[in-house]
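So the chains spell out like this:
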Amino acid sequence: MITAHETLKSQVRAARQATRALAASSTATRNGALGALAAALEERQDEVLAANRKDVATARKSRLDEHVVERMMLNPRRVGEIARSVRDVAMLPDPVGEVIESRMLPSGLRLERRRVPLGVIGVIYESRPNVTVDIAALCLKAGNAVLLRGGSDAFASSKAIVDALRGAIASVVDPDAVQLVQTTDRQGVIALLTLNGLVDLAIPRGG
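This text gives an overview of the structure that appears in the document. Keep in mind that this is a model prediction, so the values were computed, not measured. (Residues numbered from 1 in each chain as written. Predicted model: local features only at pLDDT ≥ 70, side-chain atom pairs only at ≥ 80, totals over all residues. Heavy atoms only, no water.)

Examining the environment of Gly97
- Examined against the element boundaries, Gly97 turns out to sit in the loop between α5 (76-90) and β1 (99-104).
- Between the C-alpha atoms of Gly97 and Val116, which are 19 residues apart in sequence, the distance is 6.0 Å.
- Those residues in contact with Gly97, other than ones at most four positions away along the chain, are Arg114 and Arg115. (Helix = DSSP H or I, 4+ residues; strand = E, 2+ residues; numbered from the N terminus. Contact = heavy atoms within 4.5 Å.)

See below:
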């Protein structure tokens, strides 16, 4: 029987493979992936909204606070805003290769510090489906692969979103650059935080 930890480790290895090509990709390639990502959100809006309705119904049955339910709720207007935010990210200057410090050494050599992709990033965040897209877009823009571990209350929404994103970027970059952690229990969080040597940066965000 394959454990959740083994499944996650397999996902991270796939992400490491994907990030090699992504880190070396051009600005146009990564921006193209972001454009495809935004378009997929609009084209597969019905699937995303259907999954979100299930999450919202379950949350209300569980008597979650209404302000929590409101944060996780999507509608056509919100999906459109999320897609526009992805296109805004695509229009940002490319951080990869940006020179942040440059000086001439006495020997005549020029020494520069440049921004480079980090590699594989694991992000743990609360039940807000829009954050799933925000993180994926920012990581792709900066040439990083990402493992997304969203809140369990919005798992169906996040899965529908990530499925749409992966399908959209597959023709541009390796879709394993964007993956959703498939377990919602805390063991999945612990596993993600302890994959030393495989995950280059872990960001536990929110509760």
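A word on the pattern of salt bridges
- Going through the model one piece at a time under the given rule, you end up with 13 salt bridges.
- When the shortest N-O distance is used, the salt bridge between Asp176 and Arg166 registers 3.2 Å. Here the residue Asp176 occupies a position in the loop between α7 (155-169) and β5 (178-180), and Arg166 occupies one in helix α7, the gap between them amounting to 10 residues.
- The exposure class assigned to Arg166 is partly exposed, which follows from its relative accessible area of 25%.
- In this structure, a network of salt bridges that share partners links the residues Glu101, Arg103 and Arg113. (Salt bridge = Lys/Arg side-chain N within 4 Å of Asp/Glu carboxyl O. Buried < 20%, exposed > 50% of the residue type's maximum accessible area, 1.4 Å probe, protein only.)

Some remarks on empty space enclosed by the protein
- Counted according to the given criterion, the structure contains one cavity of 30 Å³ or more.
- For the largest cavity, the full set of lining residues is Leu41, Val48, Leu74, Val79, Ile82, Val133 and Ile161.
- Looking at side-chain class alone, the lining of the largest cavity contains seven nonpolar, no polar and no charged residues. (1 Å grid on protein atoms, 1.4 Å probe; cavity = no way out; pocket = protein on both sides within 12 Å on 5 of 7 lines; lining within 4 Å. Points joined across faces, edges and corners; volume = space filled by probe spheres on them. Nonpolar A, V, L, I, M, F, W, Y, C, P; charged D, E, K, R; others polar.)

Describing the environment of Ser171
- Here Ser171 is to be found in the loop between α7 and β5.
- Spatially, the C-alpha atom of Ser171 lies 9.1 Å from that of Ala36, the residues being 135 residues apart in sequence.

Side note on the pairing of strand β3 (residues 120-124)
- Summarising burial for β3: five of the five residues are buried, a large majority.
- Residues Val120, Gly122 and Ile124 line one face of β3 and the alternating positions Ile121 and Val123 line the opposite face, and both faces are buried.
- As paired elements, β3 and strand β4 (residues 145-149) share five bridges and run parallel to each other. The partner of Val120 across the bridge, within β4, is Ala145.
- Here four bridges tie β3 to strand β6 (residues 201-204), and the two strands are oriented parallel to one another. Within β6, the residue paired with Ile121 across the bridge is Leu201. (Pairing = 2+ DSSP bridges.)

Details of the pairing of strand β2 (residues 110-114)
- Sheet analysis places β1 next to β2, joined by five bridges and oriented antiparallel. Pairing of Val99 across the sheet is with Arg114, part of β2.
- What sits between β1 and β2 in their antiparallel hairpin is a turn of five residues, with Gly108 showing a positive phi close to 100 degrees.

Some thoughts on the sheet that holds β6
- Across the sheet, four strands lie side by side as β5-β4-β3-β6; this open sheet has parallel pairing. Both edges of this open sheet fall to β5 and β6, since each of them pairs with a single strand only. Averaged over all neighbouring strand pairs, the angle between strand axes comes to 15 degrees, with direction disregarded.
- Helix-sheet contacts for helix α6 (residues 129-141) involve β3, β4 and β5, and the interaxial angle to β4 is about 165 degrees.
- Together, β4 and β5 form the strand contacts of α7, whose direction differs from that of β5 by roughly 155 degrees. (Axes fitted to C-alpha atoms, helices over the stretch in contact; angles between N-to-C directions.)

Function-wise, these values are silent; they only describe arrangement.
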